[in-house]
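Coordinate analysis (summary)
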Amino acid sequence: MDLSKAVWRKASRSTAEGDNCVEVAVVSHSVALRDSQDPSGPRIIIGHDEFHRFASALKNLSLDSRTNGE
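Analysis parameters
- Residues numbered from 1 in each chain as written.
- Predicted model: local features only at pLDDT ≥ 70, side-chain atom pairs only at ≥ 80, totals over all residues.
- Heavy atoms only, no water.
- Pairing = 2+ DSSP bridges.
- Helix = DSSP H or I, 4+ residues; strand = E, 2+ residues; numbered from the N terminus.
- Core = buried A, V, L, I, M, F, W, Y, C linked by side-chain atoms within 4.5 Å.
- Buried < 20%, exposed > 50% of the residue type's maximum accessible area, 1.4 Å probe, protein only.
- Contact = heavy atoms within 4.5 Å.

Attention now moves to the sheet that holds strand E2 (residues 22-27). The 4 strands are arranged E1-E2-E3-E4 in an open sheet whose pairing can be described as antiparallel. Each of the sheet's edge strands pairs with one partner strand only, and the pair in question is strand E1 (9-10) and strand E4 (43-47). As judged from the 2 bridges shared by E1 and E2, these two strands associate in the antiparallel manner. By the bridge assignment for E2, Arg9 is matched with Val24.

Next up, the structure:
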């Protein structure tokens, strides 16, 4: 998939120090993800439904760790 014209957006939970940064771009019927520190490196491309399930699972993990005092 050609991602040369993709508009990348840094994830809102990325840290201010610049580490742990993930960028996402909506392309066609998919969502592309990449490491913002390595923009020409590997990308993951998944469907919208899979991305929403992935994001929901991450959100639930984050909420679980806060609830459990981690």
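The next point concerns unusual backbone geometry. The backbone of Ser28 sits at a positive phi, close to 55°, despite the residue not being glycine. Positionally, Ser28 belongs in the loop between E2 and strand E3 (30-35).

Our next topic: the nonpolar core. Generally speaking, soluble globular proteins have nonpolar side chains that are buried together. Leu3, Ala6, Trp8, Ala25, Val27 and Ala32 together form the largest nonpolar core, which totals 6 residues. The residues touching Ala6, leaving out its near neighbours within four places in the chain, are Ala25 and Val27.

Below, the discussion takes up the environment of Leu33. You can see Leu33 is positioned in strand E3. By relative accessible area, which is 11% here, Leu33 ends up buried. Not counting the four nearest positions on each side in its chain, Leu33 is found in contact with Trp8, Val22, Glu23, Val24, Pro42, Arg43, Ile44, Ile46, Phe51 and Phe54.

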